[in-house]
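Report on the structure
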Amino acid sequence: MRPLLLLPFLPALLAAQTITSPDQFFGFRLGSDKHMARWDKIVEYYGVLEKQSGGRMKVINMGPTSEGNPFLAVVITAPANMQKLEHYRDINLKLSDPRGLTEQQARAFAEEGKAVILQSMSMHATEIGGTQMAPELAFDLLNRKDEEARRILDNVIFIEVPCFNPDGEIMVTDWYNKQLGTPYEGSNPPWLYQKYAGHDNNRDAFQTNIPDSKYMAKLLFTEWKPEAYVDHHGMGPNQARIFLPPYAEPVRPMADPIVWRELAWYGAQMADKEEEAGLSGAINNAVYSGWGHFGFHWITPFHNIAGMLTESAASKLASPLYLDPDQLRGGARNMPTYDAETIFPNPWPGGWWHLRDIVDRQKVSAWATLDLAARNRETILFNAYLKAKRQTERGAAGKPSAYLVSAIQHDPLTSVKFINKLLVQGIEIQRAGKAFSTSNGMSYPAGSFVVSMAQPKMGLIRYLMGRTFFPDNYWTREKDGSPIRPYDMATDTMFEYMGVRVDPVDEPVEASLEVVKEPVRVVGEVSKSSNGYVLDGRLNDSFRAANLLFDKNVSLRRVDKGAKGLRPGDFLVPPGNEADLQTIARETGVDFKPLAAAVAEGVHNTGRLRIAMYQRYGGGNIDEGWTRFVLEEFKFPYKSIFDPEIKAGNLKDKYDVLIIPNDSTQAITGEAPPATAPAAGGGRGGRGGAGSGAAEGAAAPPAAQAAAGGRGAGGEGGRGGPTPPEYRTGLGTQGVNAIREFVQKGGTLVTFNAATAFPIDRLGIGVRNVLTGKTTKEFWCPGSTLKVTFDNTNPIAYGMPAKGLALFLNSPAFEITAQDAEGYETVARYAEREVLESGWLVGEENLARKSAVISAKSGEGRVVLIGFPAQHRAQMHSTYKLVFNTLVR
Ligand SMILES: [Zn+2]
């Protein structure tokens, strides 16, 4: 009769309600042998928990993944905190950027605020433990009634990302269930576990290309800026059971030192709790170096966040793995042998290793992080203030004091993309309303950007906008002087990758500046012309515009001989279709500039080519995934083709261009199986030579991948077990012959980086890689930017600057050996001296002045050797045009 009166009691009733346990909901204990919870069910479970949580849980759907699955962030905290969530978020943001705050105000905020802790799970989808653990962690936080749980809810706002790669989780679960009970049980899927990025999703934190990265960047870098972040991963099975913070040497400088102390602090707490729980095999301060790539857990320290990683030893997905004690080994950073150390006092003895063992260890480390934050809430919050304040002061006092991005650029639309990527990082950027000059006499037009170092993220700015040199010292050389491979790249200089001119300045900039609040959007213009229009061939986006015009069957021409203000590579658009041009100008940002007079000479008709790209199994080829991403971004239609289609031959009837992305010859031909999904690469290396990437790193160089062999595709044995016959991969002799025939009949074969060895070895292209056989002491250049000259009168380098940079990553350098070199063209060459721009280079004389890109005629067709990863991870915007130029007539 009077239901309204009951309403006020409803929350209390809900709180008292029983909470459905994961065991009840999923019908098995999470982590049980041979059981995996699938993402759609996990999403459903969080919905149930939210309803039963009595206002202690909020599930946020951040949006769809690449394949349309929901990406969740789950907030867990006491109901009183939840009701004032925006208030606490605001306090957190103020402490994270305390410019204008007094110390007294900061102390008051630290006293009032709540520690914000974010933990994410299983971004590498075969590292399944995290996502299988997450629902239980959430349940425990809601269900446990003890003091520890209460303290966490009262003092911490916990943001749980139960799955950092939902698409991959579904793929791996379905694959596992399909192989269950077959000889292939526990094997890894034969393809990439993220549509484009595969394992490289953890190399995407600074360029944020895929949706998952965008959601995480929003949570970490702008919306919440948590005090601590833990990313839960998995590593190979043979070393420690779980790696815990802090990282080992070498450290990457420029973060506030408190960050590194916090990592040690959290790591000690996690390890202590593992021992309290009687869980053996935890190691701190080993295997994973402090100078890693700019993936999420490694970039966060430069956001003043205690960014951390756990890595658990793998089982065979949900199937247990038996490890004989003899199979347990050291051989990693700070873990020379498998013996007790101060950082590893309790070695696991060997035996059966189950998914549940992983779940247990990860849950303890996740809980320990929350517990530490709850017990030390005020200290942690005040640290957030100190870190941000001191970094801002360092930035203000140091040199350079700012980085300037002029509005005048070789490709201004790409420089705007660069600015927008910096904004995603939460970096403060100012724009000049009027032209200005610096004290050293440089002038900048209106619309130029200024990035001051006097801001909390100065350390990050320094690496994304300033030249970077990887340390060459005790920590990065073996005792015999051989260099030790960096975890990933030796530099992550985004401005160099994108070909943006950035000027460091030491003196404060005096100009009328305004903070950029929204992503910068450029709308192109169409200036009506009866002679037609010009698209600037220097702009990457001119290719996007050209492809959109091809979609509308507009015929374009391309300039070959520069004259009257036209440059080789410019696109000429006929008059008419102005409404379409307007739409395309708006979408791409390119201007359709009026053509002063009709042009009849020095041009050719351009048009679309029929593009095929080789795709293989064996865990997939990450470079192939990223190439698809870039082609789709720029609207190039293409078809992915697999072994059977190639082996069937007659490729020229269907395609004009065949792309073979970065890969070893052995992986392409199938003579040796390609390395499998990198999670299995496990903790190898460390101080060791090639392949010291440890488990997290997929970035093992193609050569090392080939050497690692044995694991994937056709491989028998290995952690993943053998691969079903339909997924064994490689062209074989038949495929090689079909590709030769394709080229002879007029096709263009385009190869990237290590894949350039394939046409050299198998198609008889008269080119030699001069770096073959060099020892690492003679020549060494891991993931660095090198100075290159481009012959931009060659159609493959149309639109390129005469001088620029290439990313060198286990790349070749060429010398032409053909007896008759007619039809061989060098398109790009390494510089003569001071070749290194950023990163690490030993023995530059080995590649100085050598060719980096060669186009070689073969039969009626040609082979293009792009001797570096020109479209690497959809990050190398500066060299995209080398690829694009091979894909149009
Ligand atoms: Zn991982």
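Everything that follows concerns the structure shown earlier in this document.
Here we summarise the structure given alongside this text. Residue numbering note: each chain is counted from 1, following its sequence as written. The predicted nature of this model means local features are confined to residues of pLDDT at least 70 and side-chain atom pairs, given and counted, to a pLDDT of 80 or more, with totals for whole chains, interfaces and linings taken over all residues. The basis for every side-chain value is the complete set of non-hydrogen atoms in the structure, without hydrogens or water.

1. What to know about unusual backbone geometry
Most peptide bonds adopt trans geometry, and most residues besides glycine take a negative phi value. Backbone torsion omega between glutamate 249 and proline 250 reads -5 degrees, so that peptide bond is classified as cis. Put simply, DSSP marks the helices as runs of H or I at least four residues long and the strands as runs of E at least two long, and each gets a number from the N terminus on. Position of proline 250 relative to the elements: it lies in the loop between β6 (242–244) and α12 (257–276). The omega angle of the peptide bond from lysine 399 to proline 400 is -5 degrees, so this bond is cis rather than trans. Positionally, proline 400 belongs in the loop between α15 (377–397) and β11 (402–405). A positive phi is found at lysine 564, a non-glycine position, where the angle reads about 50 degrees. Here lysine 564 lies in the loop between β19 (556–559) and β20 (571–573). Note on classification: 1.4 Å probe, protein chains only; a residue is buried when its accessible area is under 20% of the maximum for its type, exposed when over 50%, partly exposed between these limits. With a relative accessible area of 82%, lysine 564 lands in the exposed category. For arginine 849, which is not glycine, the phi dihedral falls at a positive 65 degrees. Within the element layout of this structure, arginine 849 appears in the loop between β32 (836–838) and β33 (851–858). Overall, arginine 849 belongs to the exposed group, its relative accessible area being 55%.

2. Some points on the pattern of salt bridges
The rule for a salt bridge is simple: a side-chain nitrogen of Lys or Arg has to be within 4 Å of a carboxyl oxygen of Asp or Glu. Taken as a whole and assessed by the stated rule, the structure comprises 49 salt bridges. The salt bridge involving aspartate 256 is made with arginine 394; its shortest N-O contact spans 2.8 Å. Taken together, the positions of aspartate 256 in the loop between β6 and α12 and arginine 394 in helix α15 put the pair 138 residues apart, joining distant regions of the chain. The exposure class assigned to aspartate 256 is buried, which follows from its relative accessible area of 1%. Two residues, glutamate 624 and arginine 628, come together in a salt bridge whose shortest N-O distance is 2.8 Å. Here glutamate 624 and its partner arginine 628 are both found in helix α21 (residues 622–633), four residues apart, which amounts to about one turn of the helix. The same class applies to glutamate 624 and to arginine 628, which are both buried.

3. Regarding the sheet that holds strand β18 (residues 533–535)
Being paired, for any two strands, means DSSP has found at least two bridges between them. Strand order in the open sheet made by the five strands is β21-β18-β20-β19-β22, with antiparallel pairing throughout. In this open sheet, the two edge strands, each paired with only one partner strand, are β21 (593–594) and β22 (603–606).

4. Quick notes on helix α19 (residues 540–551)
Count 3.6 residues to each turn of an α-helix, and residues three or four apart come out pointing the same way. Here the expected length of a helix is defined as 1.5 Å per residue gap, with one fewer gap than residues. The end-to-end C-alpha distance of α19 is 18 Å, a good match for the 16 Å that 12 residues give at a rise of 1.5 Å each. Among the 12 residues in α19, 11 count as buried, and that is most of the element. Inspection of α19 places Asn540, Asp541, Ser542, Phe543, Arg544, Ala545, Ala546, Asn547, Leu548, Leu549 and Phe550 among the buried residues, and these make up the whole buried set. Directly after α19, the chain includes asparagine 553, whose backbone phi takes a positive value near 60 degrees.

5. Quick notes on the coordination of the zinc ion
For Na, K and Ca the donor cutoff is 3.2 Å, while for all other metals N, O and S atoms must lie within 2.8 Å; water is not among the atoms, so some sites may look incomplete. Listed as protein donors to the zinc ion are His124 (ND1), Glu127 (OE), Glu127 (OE) and His233 (ND1); their distances from the metal cover 2.0 to 2.7 Å. Geometry is assigned from the angles between donors: four donors with all angles from 85 to 135 degrees make a tetrahedral site, four or six donors whose opposite pairs exceed 155 degrees while the rest stay between 65 and 115 make square planar or octahedral sites respectively, and everything else is labelled irregular. Considering all four donor atoms around the zinc ion, the spread of angles at the metal, 53 to 152 degrees, places the coordination shape in the irregular class. Counting along the primary sequence, the residues that act as donors to the zinc ion give the motif H-x2-E-x105-H. The same class applies to histidine 124 and to glutamate 127, which are both buried.

6. Quick look at α12
For α12, built from 20 residues, the straight-helix expectation of 28 Å at 1.5 Å per residue is met to within 8% by its first-to-last C-alpha distance of 29 Å. Identification of polar contacts relies on pairs of N or O atoms within 3.5 Å, with a donor-acceptor requirement for protein atoms, meaning one able to donate a hydrogen and the other able to accept it, and with residues adjacent in sequence counted only if both atoms are side-chain atoms. N-capping of α12 is provided by aspartate 256, with a side-chain oxygen placed 2.8 Å from the backbone N of isoleucine 258. With its phi angle positive at about 75 degrees, glycine 278 sits one or two positions after the end of α12.

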